[in-house]
Amino acid sequence: MSDILIDISASNEWTKEEISFVKDILSISFNSMSNIKSKEISFRLTGDIEIKILNKQYRNKNSSTNVLSFCSLSDFNHPDALEILGDIVISKDTILREAKNSKKNFNQHLTHIGIHGLLHLLGYSHDKEKEALIMEGVEIDILKDLGIPNPYESIR
């Protein structure tokens, strides 16, 4: 089992139960990829206003999104410290809207999007079709282990 430290900050939109749920799901997902060494991840759970600002600032896209992932650029690793993997920002507003529009369960969709963000930090991408299929396959496998149905079935 790998070690992971998850730092979470959350805006008022998020309940204590939801924050705890996100931490638990990401710990389980990270540990399911047992070949990964110890890491630290920071999470910001927020709403559409804040994520839209970040999306504009870092991706030059003036819209909200469900998740943003920022890989750590630091090469510094203290021997006694966990390696910093990066930061993930999730918008509750967008997750709620997408879940409702696709008739999905909020917690299941939140789990999927959290895993999606984590995989970006681990180097996965969906910029090209082949990369997208690989990333989706990993997501589907992790979600299946958590008892969550394939989120891509309804869109194919």
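Predicted, not measured: the structure shown is a model, and the values here were computed from it. (Residues numbered from 1 in each chain as written. Predicted model: local features only at pLDDT ≥ 70, side-chain atom pairs only at ≥ 80, totals over all residues. Heavy atoms only, no water.)

Engineer: Can you explain helix α5 (residues 129–145)? Please cite residues and give values.
Structural biologist: With 17 residues, α5 should reach 24 Å at 1.5 Å per residue; the first-to-last C-alpha distance of 24 Å fits that figure. Considering only its buried residues, α5 is in contact with α1 (16–32) and α4 (106–121). Once α5 ends, the next one or two residues include Gly147, with phi positive near 80 degrees. (Helix = DSSP H or I, 4+ residues; strand = E, 2+ residues; numbered from the N terminus. Expected span 1.5 Å × (residues − 1). Contact = heavy atoms within 4.5 Å.)

Engineer: How would you sum up the environment of Ile88? Please name residues and give values.
Structural biologist: Residue placement: Ile88 occurs in strand β4 (residues 83–91). Overall, the relative accessible area of 0% leaves Ile88 in the buried class. C-alpha separation for the pair Ile88 and Arg44, spaced 44 residues apart in sequence, amounts to 6.3 Å. Among residues more than four places away in sequence, those in contact with Ile88 are Ile41, Ser42, Phe43, Arg44, Val67, Leu68, Ser69, Gly114, Gly117, Leu118 and Leu121. (Buried < 20%, exposed > 50% of the residue type's maximum accessible area, 1.4 Å probe, protein only.)

Engineer: Requested: an account of the confidence of the model for the chain, with residues and values cited.
Structural biologist: The share of residues in the chain with pLDDT of 70 or more is 87%, and the mean pLDDT across the chain is 88. In the model of the chain, strand β1 (residues 4–10) stands out as the element of lowest mean pLDDT, 87, in contrast to helix α2 (residues 48–59), which has the highest, 97. (pLDDT = per-residue confidence, 0-100.)

Engineer: If you had to explain the packing of aromatic side chains to someone new, which residues and values would you point to?
Structural biologist: Under the counting rule described, the total for this entry stands at 1 aromatic pair. Judged by centre distance (5.0 Å) and plane angle (65 degrees), the ring pair of Tyr58 and Phe70 falls under edge-to-face. Of the two residues, Tyr58 sits in helix α2 while Phe70 sits in strand β3 (residues 67–71), which places them 12 residues apart along the sequence. (Phe/Tyr/Trp six-rings, centres within 6.5 Å; stacked < 30°, edge-to-face > 60°.)

Engineer: Explain α1 residue by residue, including any values.
Structural biologist: The end-to-end C-alpha distance of α1 is 24 Å, a good match for the 24 Å that 17 residues give at a rise of 1.5 Å each. The complete set of buried residues in α1 reads Glu18, Val22, Ile25, Leu26, Ser29, Phe30 and Asn31. In this fold, the buried residues of α1 make contact with β1, β2 (39–46), α3 (92–101), α4 and α5.

Engineer: Tell me about the sheet that holds β1, residues and numbers included.
Structural biologist: The strand order β1-β2-β4-β3 describes an open sheet built from 4 strands, whose pairing is mixed. Every interior strand has two partners, whereas the edge strands, β1 and β3, have only one. When strand polarity is set aside, the average angle formed by the axes of neighbouring strands in this sheet is 15 degrees. With 8 bridges joining them, β2 and β4 adopt parallel strand pairing. Following the sheet pairing, Phe43 is matched in β4 by Ile88. (Pairing = 2+ DSSP bridges. Axes fitted to C-alpha atoms, helices over the stretch in contact; angles between N-to-C directions.)

Engineer: Go over unusual backbone geometry with me, naming the residues and quoting the values.
Structural biologist: What is expected of a backbone is that most residues other than glycine have negative phi and most peptide bonds are trans. A positive phi angle is found at Asn60, which is not glycine, with a value near 60 degrees. Within the secondary structure, Asn60 sits in the loop between α2 and β3. Even without glycine at this site, Lys103 takes up a positive phi of about 55 degrees. Looking at the element boundaries, Lys103 is found in the loop between α3 and α4. The exposed category is assigned to Lys103, whose relative accessible area is 78%.

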